[in-house]
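Structure at a glance
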Amino acid sequence: MKTLVTNSINKASSYIKKDEIVAFPTETVYGLGANAYDEKAVKKIFKAKGRPADNPLIVHIANKKDIEVLTQEIPDTAKRIIKKFFPGPITVILKKNEIVPDIVTSGLDTIAIRMPSSKIAREFIKTCGVPVAAPSANLSGSPSPTSFIHVLDDFKGKIPCLLIGPNAKYGLESTVVDCTGSVPVILRPGVVTLEQLRKIDRRINYLRKPKNIKSPGQKYRHYAPKAKVRLISDFGFRISDFKSSTAYIGFHKLNNEVLERLRDFKICKGLNDYAKNLFSFFRDCDARGIKVIYCQKVPQKGIGLAIMNRLRKTSK
Ligand code: TXA
Ligand code: MG
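Read on for an overview of the structure.

1. Re the overall build of the protein
If you tally the helices and strands in the protein, you get eleven helices and 15 strands. Relative to the compact-globule value of 20 Å for 316 residues, the protein shows a C-alpha radius of gyration of 19 Å, a close match. Viewed in the frame of its principal axes, the protein has a C-alpha envelope of about 60 × 50 × 30 Å. For the protein, with 316 residues in total, the buried portion stands at 57%. A separation threshold of at least 6 residues defines the contact pool for the protein, and within that pool the share at least 24 residues apart is 67%. In the form shown here, the protein has an accessible surface area of approximately 14,600 Å², with 50% of it arising from carbon and sulfur atoms. Of the charged side chains in the protein, 56 are positive and 28 negative; the average position of the first set lies 3 Å away from that of the second.

2. So, the packing of aromatic side chains
Throughout the structure, instances matching the rule amount to two aromatic pairs. Plain terms: the ring middles of Phe-24 and Phe-124 are 5.0 Å apart, the flat faces sit at 35° to each other, and that makes the pair tilted. With a gap of 100 residues between them, Phe-24 in strand S2 (residues 22-24) and Phe-124 in helix H6 (residues 119-128) connect regions that are remote in the sequence. Ring geometry for Phe-251 versus Tyr-274: centroids 5.4 Å apart, planes at 80°, classification edge-to-face.

3. Points about the nonpolar core
Of all hydrophobic cores here, the largest spans 48 residues; its most connected members are Leu-32, Ile-81, Ile-113 and Leu-197. Of the residues forming this core, the biggest block, five residues, is contributed by helix H2 (residues 39-49). Leu-172, Ala-227, Met-308 and Leu-311 belong to the second-largest nonpolar core, a separate cluster that totals 23 residues.

4. What to know about the environment of Asp-284
Along the polypeptide, Asp-284 turns up in helix H10 (residues 271-287). Exposure remark for Asp-284: the relative accessible area of 38% places this residue in the partly exposed category. Once the C-alpha coordinates of Asp-284 and Leu-262 are considered, the two residues, 22 residues apart in sequence, prove to be 14 Å apart.

The rules behind these values
- Residues numbered from 1 in each chain as written.
- Chains lettered and ligands numbered in written order.
- Predicted model: local features only at pLDDT ≥ 70, side-chain atom pairs only at ≥ 80, totals over all residues.
- Heavy atoms only, no water.
- Helix = DSSP H or I, 4+ residues; strand = E, 2+ residues; numbered from the N terminus.
- Rg over C-alpha atoms; globule rule 2.2 N^0.38 Å.
- Buried < 20%, exposed > 50% of the residue type's maximum accessible area, 1.4 Å probe, protein only.
- Contact = heavy atoms within 4.5 Å.
- Areas by Shrake-Rupley, 256 points an atom, 1.4 Å probe, with all protein chains shown as cover.
- Lys, Arg positive; Asp, Glu negative; His and termini not counted.
- Charge placed at Lys NZ, Arg CZ, Asp CG, Glu CD.
- Phe/Tyr/Trp six-rings, centres within 6.5 Å; stacked < 30°, edge-to-face > 60°.
- Core = buried A, V, L, I, M, F, W, Y, C linked by side-chain atoms within 4.5 Å.

Set out below in structure tokens:
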């Protein structure tokens, strides 16, 4: 299959209109989309990614009014979350309407909805004329794509169209908030932080080890580079640990002796920079055949909670 690489929203959306799948940019990571109302098209996403059928997709919208069409009810707290954070890097889980095919939600009676803040993403969805079901545009299990090059690395010749745009502004997938219970719960931490959400409802929580897994995606190994990921704290590494095929990402200003031993490194300017570069650094390291990546741990506050969530999953 030939992959059309284009910056034309019209061309890209014409593929969605003929039941095909299209990779497209968003502010979090690139997505791999299909018409959410079209079972056959959505099936192609699962097939291309090698995604287990029990892992539901996020439905992307360009207009808040679509939420009413896709869902049965919008509880008060959900309304406030949507008012404050849509469009943006957050996904809400609500009770779904019949109109949404089971394949999108893996048979759950709930649906994940997100309205991206990326203008290209919204313009694309609007031009498609339908909600766009889309997981991250990576092969199942590999790090999420933050540039169109990453998408090509995984899907060149395997999908008909890639809409190119800028590198992802945030570099981590959206915060997923389950709004179907009496109090919303964060299922996946992201750029919209627990602290920000608690300003809407103080009771909102994030359970690192929930008793029953509500977000099926959480049980799969994720985001993982081929290299081993080792988490190190501020004072937790010795120079002798840095063997030949080693890389480092974090905040330390490394001395020359350490730098000489590293195959690759990324010194981040802050937490946002860390988040933005993490997946892309993992991919670079894999491309260079690096065996071990040392990642500096960060405090689990603000966006640090999301960074540690991704790091923990990769280092398992
Ligand atoms: O930033 C993002 O969210 C990106 C961009 C493309 O929008 N998308 C993304 O999709 O990260 P994906 O498929 O890689 O992750 C979706 C997560 C999975 O953990 C999935 O299990 C969960 O959302 N999810 C989807 N529908 C759900 C539902 N009805 N109930 C609970 N969890 C759900
Ligand atoms: Mg994903």
